[in-house]
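Examination of the molecular architecture
One-letter residues, chain by chain:
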Amino acid sequence: MYEIITVIFAGGIIGYIFKSKSRFIMLSEKIYSLILFLLLFSLGLSVGKNESVMNNISSLGLLSLGIAIATVAGSVVCAWIVYRIFFKNIKTDK
Amino acid sequence: MKNSIIAILFFVAGIICAKLQVVPECVLNSDFTFHILCIQMLFVGICMGAEVNRSILLIKSLHVRILLVPFTAITGTLLGALLFSLFVSKMPVSDLLAIGSGFGYYSLSSIYISEIRGETLGIIALLANIAREITGLVFTPLLAKYFGKLAPIAAAGATSMDTCLPIITSSTGKNYAIISVFSGTVLTILVPFLITFILNVM
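Residues numbered from 1 in each chain as written. Chains lettered and ligands numbered in written order. Predicted model: local features only at pLDDT ≥ 70, side-chain atom pairs only at ≥ 80, totals over all residues.

All right, on to the overall build of chain A then. A tally of helices and strands in chain A yields 3 helices and 0 strands. Across chain A, helices and strands are ordered from the amino to the carboxyl terminus as α-α-α. For 94 residues, the compact-globule formula gives about 12 Å, and the C-alpha radius of gyration of chain A, at 20 Å, lies well above that figure. Evaluated residue by residue, chain A yields a buried proportion of 35% over its 94 residues. (Helix = DSSP H or I, 4+ residues; strand = E, 2+ residues; numbered from the N terminus. Rg over C-alpha atoms; globule rule 2.2 N^0.38 Å. Buried ≥ 20, exposed ≤ 12 C-beta atoms within 10 Å, placed from the backbone.)

Right, dumping it as structure tokens:
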């Protein structure tokens, strides 16, 4: 976790220094969306090689999926309410 | 939406490749995911750094409201787990709340939970939190579109500071990245405390 924060911070400094170089920034955005796919592939690899997960995926999978959906749904509903009340009028652009 | 489908395909391809053992052992056994994540984070950092001025403006306009974001994610998660417990009779409410309190941080939460409550619950925690992370990755564009820009951040939970950050940034706008990192960091720090508290006290 500390490594990740350090790396973000290092990137932040690079980005701040080169913020006027719009082509460099645009290229960085492209690269990070491509790496996302690689990241999911490697997440798949680590799930696939984990024997205890693969052996139990059918019996425990449904229950686990239910918990995931319930917690995500709860978060989304609360976030939607909070967003409408506190955040909607804040002007931000993409 | 197109990106989400491609993302799922890559994930499934990863599982299949691991099963077919076409990937060299050295890649599987190394901290592959983590290294990719670090490279990814470097680029996220660059994009955030380029937006620093606008992000500062956003934090100034948000003020104390930024604290609402992790609080919302926690409240929503626990309410969701509580509601779900009505449908599951074979598990105590506290177990479900503890699994939910992993907030997608599957490695740590599954280790904590299996130490306190045993292997089986640990595996459920692992699967549920992996599923949450994947849900965050896959549905972020849809959530941002229909439920406001905080929804994907709350849905991603602790992973909004790392794995889900890139997709959140691209679907909510770069200046929400700072909120996302803040919320994810708070939740990540809280995971071990909340799990221990719920399982020991309740």
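What follows continues from the structure just given.
On a plain count of helices and strands, chain B comes out with 11 helices and 0 strands. Along chain B, helices (α) and strands (β) appear in the sequence α-α-α-α-α-α-α-α-α-α-α when read from the amino end. Over its C-alpha atoms chain B spans a radius of gyration of 18 Å, differing by no more than 12% from the 17 Å that the globule rule assigns to 202 residues. The principal-axis extents of the C-alpha atoms in chain B amount to approximately 50 × 45 × 25 Å. Counting only residues that meet the buried cut, chain B has 56% of its 202 residues in that class. Long-range pairs, those at least 24 residues apart, make up 64% of the contacts in chain B between residues at least 6 apart in sequence. (Contact = placed C-beta atoms within 7 Å.)

A few words on the nonpolar core. Among the nonpolar cores identified, the biggest contains 91 residues, and A:Ala79, B:Ala151 and B:Ala154 are the most heavily contacted of them. With 16 residues, the top contributor of residues to this core is helix H8 (residues 119-147) of chain B. Ignoring sequence-local partners within four residues, the contact set of B:Ala154 consists of A:Ser75, A:Val76, A:Cys78, A:Ala79, B:Thr72, B:Ala73 and B:Gly76. (Core = buried A, V, L, I, M, F, W, Y, C linked by C-beta atoms within 7 Å.)

The next point concerns H8(B). Residues and elements named next belong to chain B. Taking 1.5 Å of rise per residue, 29 residues should cover 42 Å, yet H8 covers just 36 Å from first to last C-alpha, more than 12% shy of that figure. Along H8, the sharpest change in direction is near 65° and occurs at Phe139; proline Pro141 comes one to four residues later. Of all 29 residues in H8, 23 are buried, a share of seventy percent or more. At the C-terminal side of H8, Gly148 shows a positive phi close to 90°. (Expected span 1.5 Å × (residues − 1). Bend = angle between axes of the 7 residues up to and from the residue.)

Accessible area lost when the parts come together is the quantity often used to give the size of an interface. Under the domain assignment used here, chain A contains domain 1 (1-49) and domain 2 (58-94). Distance between the C-alpha centres of domain 1 of chain A and domain 2 of chain A: 24 Å. (Domains from an automatic or database assignment.)

Further remarks concern helix H10 (residues 165-172) of chain B. In terms of residue burial, H10(B) counts as a mostly covered element, since 7 of its 8 residues are buried. As for H10(B), its buried residues are in contact with helix H2 (22-49) of chain A together with helix H3 (32-50), H8, helix H9 (150-156) and helix H11 (177-201) of chain B. Within two residues after H10(B), B:Gly173 carries a phi angle of roughly 105°, on the positive side.

So, on to the interface of chain B and chain A. Residue-level contacts link 76 residues of chain B with 66 residues of chain A. At the level of secondary structure, the elements contributing two or more residues to the side of chain B that touches chain A comprise helix H1 (2-20), H3, helix H4 (52-62), helix H5 (68-85), helix H6 (93-100), H8, H9 and H10 of chain B. Per-element accounting of the side of chain B that touches chain A gives the leading share, 17 residues, to H3(B). Residues belonging to the side of chain B that touches chain A are distributed by class as follows: 51 nonpolar, 20 polar and 5 charged. (Nonpolar A, V, L, I, M, F, W, Y, C, P; charged D, E, K, R; others polar.)

All names here are of chain B. Look at H3 against H10: their axes get within 10 Å of each other, and the N-to-C directions meet at 30°. With respect to each other, H3 and H10 are oriented roughly parallel. Relative to H10, H3 is oriented so that their crossing is left-handed. Every residue of H10 that contacts H3 at Gln40, Val44 and Cys47 is listed here: Leu165, Pro166 and Thr169. Looking at the contact of H3 with H10 residue by residue, the classes come out as 4 nonpolar, 2 polar and no charged. (Axes fitted to C-alpha atoms, helices over the stretch in contact; angles between N-to-C directions. Parallel < 35°, antiparallel > 145°, perpendicular 65-115°, else oblique. Left-handed = near helix turned anticlockwise from the far one by under 90°.)

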